[in-house]
Amino acid sequence: MNQLLFENILTKFPNKYIKFAFAYGSGVFKQLENQTQNNKSMTDFVFVVNDSIKFHDENLKLNSSHYSFLKYIGPYYLNRIQNDFGAACYYNTLVPLKIDSEKFLIKYGIVSEEALIQDLYDWDYLYLSGRLHKPVRILKKPAPKPSPDTNTSTTGTKIDSNAEDINLNYSLDSVSKSIDLALQTNLKNALHTALLLLPEQFSLFDLFLCITSLSYTGDFRMIVGENKQKVENIVTPQMERFIHLYRPYLIKESIENRLELNFENGQVCQSLSQNAVYHHLSLLPKNLIQTIINHKFKTTHYYDLEEYIYKLTNRIDYKDIVREAASSIVKKSSLSQSMKGILSAGIVKSVDYSFRKLKKMVKK
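Parameters and conventions
Residues numbered from 1 in each chain as written. Predicted model: local features only at pLDDT ≥ 70, side-chain atom pairs only at ≥ 80, totals over all residues. Heavy atoms only, no water. Buried < 20%, exposed > 50% of the residue type's maximum accessible area, 1.4 Å probe, protein only. Helix = DSSP H or I, 4+ residues; strand = E, 2+ residues; numbered from the N terminus. Pairing = 2+ DSSP bridges. Core = buried A, V, L, I, M, F, W, Y, C linked by side-chain atoms within 4.5 Å. Contact = heavy atoms within 4.5 Å. Expected span 1.5 Å × (residues − 1). Bend = angle between axes of the 7 residues up to and from the residue.

**Thoughts on the pairing of strand E1 (residues 18-24)**
Moving residue by residue along a regular strand, the side chains alternate between the two faces of the sheet.
No. 1: With 6 of 7 residues buried, E1 lies mostly within the body of the structure.
No. 2: Both E1 and strand E5 (residues 137-140) contribute to a ladder of 3 bridges, which runs antiparallel. Bridged to Phe22 within E5 is Ile138.

**Topic: the nonpolar core**
No. 1: Formed by 46 residues in total, the largest nonpolar core has its most connected members in Leu207, Phe208, Tyr246, Leu281, Leu288 and Ile292.
No. 2: For this core, the secondary-structure elements that each account for two or more residues are helix H6 (177-197), helix H7 (204-213), helix H8 (230-235), helix H9 (239-255), helix H10 (274-282), helix H11 (286-296), helix H12 (305-313) and helix H13 (318-345).
No. 3: What Ile292 contacts, discounting residues up to four positions off in sequence, is Leu284, Phe297, Leu312, Ile321, Val322 and Ala325.
No. 4: Core analysis: the next-biggest nonpolar cluster, separate from the first, contains 29 residues, Phe13, Leu60, Leu78 and Ile81 among them.

**What about H9?**
No. 1: Here H9 is 17 residues long and its end C-alpha atoms lie 22 Å apart, about the 24 Å a rise of 1.5 Å per residue gives.
No. 2: The largest bend in H9 amounts to roughly 55° and is located at Arg247, with the proline Pro248 lying one to four residues further along.
No. 3: Within the sequence span of H9, burial applies to Phe242, Ile243, Leu245, Tyr246, Tyr249, Leu250 and Glu253.
No. 4: Looking one or two places after H9, you find Asn257, whose phi comes out positive at around 65°.

What follows is the structure, encoded as structure tokens:
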């Protein structure tokens, strides 16, 4: 599916309320499990909107058939369900679309800009933030704010206007500054977390497997409903995209002598010194570090964050503690979002969608 076709799909929705849009998954980039049947895959979209109530109100007029019985409760309560339950995202699934003579099956999520940015910074849900740990195709870019140097990214790298339109470099001329900084922070969050989980020596492939698995570990759908090799199927055909996505942050860690890496042979050696571990722990997203402290140290009252991070640095099981905390966040959000999905999709579509997932799982 080319960029023009993606953009034409957006015209089927209340575009004036969509500030930022991206597509992800096997319907966008080839995965090992479906390289021969990618055209049959359902394509996943996320619409980041500046006013969820107005978006739902307009979308109900344009596309009421996309909604389940919940359409009868109106845009205000749809917005309440979107933001108050699950991972602050409302999905309509198994939606048939026709563009010219081509037919597509899509799933699209609606999320407010505020909720997306908070998840990217803090990992409140590790849901959409997890989707954005991986390459996605950006479909709509909000108008950037004036900048003294609009041709330069925040890393100081010149932007190639002919580059493939995916999230390889979140630069100020591709998305708004607030979303841009949140997207970059999310990638750095993922890198710091993965480095804490990995051994002293590993490969870039191992790194991207670890990063990709962050948002799946703890997801009950990985037990029932997803291909067991899903993570590897995502990473293997997209190694170049992953490298391009994380290169600036890996180079920064290398310059600061926390790791040595060779992009040619893909080998990485990181420091496991107390200083390096403390550095990564201190830069974990807010909800992840709070989950660690609340679960492991059994405290919810006021505490000195620096003191607890230092305690964690000196524990030999810090890797397990970080992994369990991330899994805990994913488990909670994935379960609640899936329960919300039954309501937003309706019983018939929920059964159909679950059957499709099970069918993919048993193929392996």
